[in-house]
Amino acid sequence: MYTITITGTTRERVVDSGEEQLVVAAAIKKDGRVVDLRNLGFPLDKSEDEIREELAKVLAAYVRDQEIATQTQRSEELNANADELKEKLEGMSIEHASEQKS
């Protein structure tokens, strides 16, 4: 199971705009083990619920990306196996000796 846990928050000034934002540090975990770390900036007028919703979206996107990566890896393995099998099969002859009784 994947979870996202807030590990810290800070207020920081954005260099380009000069506005302050809330930076939320979060750990994405799979089965309790940290698999990714994220820092996300939010305007100071965001509510707790809005930040919670955004973190849920971040987690959902991460899980979706992992599922796609797993499918891609599996597809690559199948393609490699198919290429290997193709090479082994090309030119193969199968003989059968018939036993005719006279």
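In what follows, the accompanying structure is described.

Within the chain one finds 1 helix and 3 strands. From first element to last, N terminus to C terminus, the chain shows the α and β order β-β-β-α. Over its C-alpha atoms the chain spans a radius of gyration of 27 Å, topping by over 25% the 13 Å that the globule rule assigns to 102 residues. When its C-alpha atoms are laid out on the principal axes, the chain stretches across 100 × 30 × 20 Å. The buried share among the 102 residues of the chain stands at 14%. Put simply, of all contacts in the chain between residues at least 6 apart along the chain, 34% involve residues at least 24 apart. Here the chain displays about 8,600 Å² of accessible surface, and carbon together with sulfur accounts for 48% of that area. Measuring between centres, the 14 positive side-chain charges of the chain sit 4 Å from its 22 negative side-chain charges.

Val24, Ala26, Ile28, Leu40, Phe42, Ile51, Leu55, Val58, Leu59, Tyr62 and Val63 form the largest nonpolar core, which has 11 residues in total. Apart from the residues within four sequence positions on either side, Leu59 is in contact with Tyr2, Thr3, Ile4 and Ile28.

Each value, and the rule that gives it
- Residues numbered from 1 in each chain as written.
- Predicted model: local features only at pLDDT ≥ 70, side-chain atom pairs only at ≥ 80, totals over all residues.
- Heavy atoms only, no water.
- Helix = DSSP H or I, 4+ residues; strand = E, 2+ residues; numbered from the N terminus.
- Rg over C-alpha atoms; globule rule 2.2 N^0.38 Å.
- Buried < 20%, exposed > 50% of the residue type's maximum accessible area, 1.4 Å probe, protein only.
- Contact = heavy atoms within 4.5 Å.
- Areas by Shrake-Rupley, 256 points an atom, 1.4 Å probe, with all protein chains shown as cover.
- Lys, Arg positive; Asp, Glu negative; His and termini not counted.
- Charge placed at Lys NZ, Arg CZ, Asp CG, Glu CD.
- Core = buried A, V, L, I, M, F, W, Y, C linked by side-chain atoms within 4.5 Å.

By themselves, these figures tell us nothing about what the structure is for.
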